[in-house]
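Remarks on the overall topology
So you can see what is in the structure, the chains are spelled out below.
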Amino acid sequence: MQLLIDTTQKGFLKLELREDGKVAAGLEKATDKLSEQILSELLKFLSRNKIKLENLEKILVNPGPGAFSSTRTGVGTANALSLALMIPVAAWPSGKIKEVVVPKYDKMPNITKPK
């Protein structure tokens, strides 16, 4: 079983379970607090589909291009799960396995000085 994480759209979480290249289950959810909710939503999604983290064979993640914070959240979560579960992580849709997937942003980040 493979888990796909796509957070390239700001404020939107997409999760899929894939088996043999086909979507077995999916979740699409709008959220304003993606970084706070991604792990709890992921665990609820897996539980609803009777899948344990240990049953995952590969993590797929859409590296973008996408919004800076949301894309970084999804890619960081995918890389961390891959490391913790000792399973491969791959950029989606290519499926090419990487040591670490690097996010691609839709534009340069707008970082300002603190007030």
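Anything mentioned here points back to the structure above.
Described below are features of the structure shown in this document. As the structure is a computational prediction, the values presented were derived from the model and not from experiment.

1. What to know about the pattern of salt bridges
Using the criterion set out here, one finds four salt bridges in the structure. Between glutamate 41 and lysine 29 there is a salt bridge, and its shortest N-O distance comes to 2.7 Å. With glutamate 41 in helix 1 (residues 34–48) and lysine 29 in strand 3 (residues 22–30), this pair connects stretches of sequence that are twelve residues apart. Of the charged contacts in the structure, one is a salt bridge between glutamate 41 and lysine 44, with a shortest N-O distance of 3.3 Å. Residue glutamate 41 and its partner lysine 44 are located together in helix 1, separated by three residues, close to a single helical turn. Because the salt bridges share partners, they merge into one network encompassing Lys14, Glu16 and Arg18.

2. Looking at the packing of helix 1 against helix 2 (residues 68–85)
Between helix 1 and helix 2, whose axes approach to 10 Å, the crossing angle comes to 40 degrees. Viewed along their axes, helix 1 and helix 2 adopt a mutual orientation that is oblique. In terms of crossing hand, the pair formed by helix 1 and helix 2 is right-handed. Contact with helix 1, carried on its side by Leu34, Ser35, Ile38, Leu39 and Leu42, involves Ser70, Thr73, Gly74, Thr77 and Leu81 of helix 2 and no other residues of that element.

What counts and how
- Residues numbered from 1 in each chain as written.
- Predicted model: local features only at pLDDT ≥ 70, side-chain atom pairs only at ≥ 80, totals over all residues.
- Heavy atoms only, no water.
- Salt bridge = Lys/Arg side-chain N within 4 Å of Asp/Glu carboxyl O.
- Helix = DSSP H or I, 4+ residues; strand = E, 2+ residues; numbered from the N terminus.
- Axes fitted to C-alpha atoms, helices over the stretch in contact; angles between N-to-C directions.
- Parallel < 35°, antiparallel > 145°, perpendicular 65-115°, else oblique.
- Left-handed = near helix turned anticlockwise from the far one by under 90°.
- Contact = heavy atoms within 4.5 Å.

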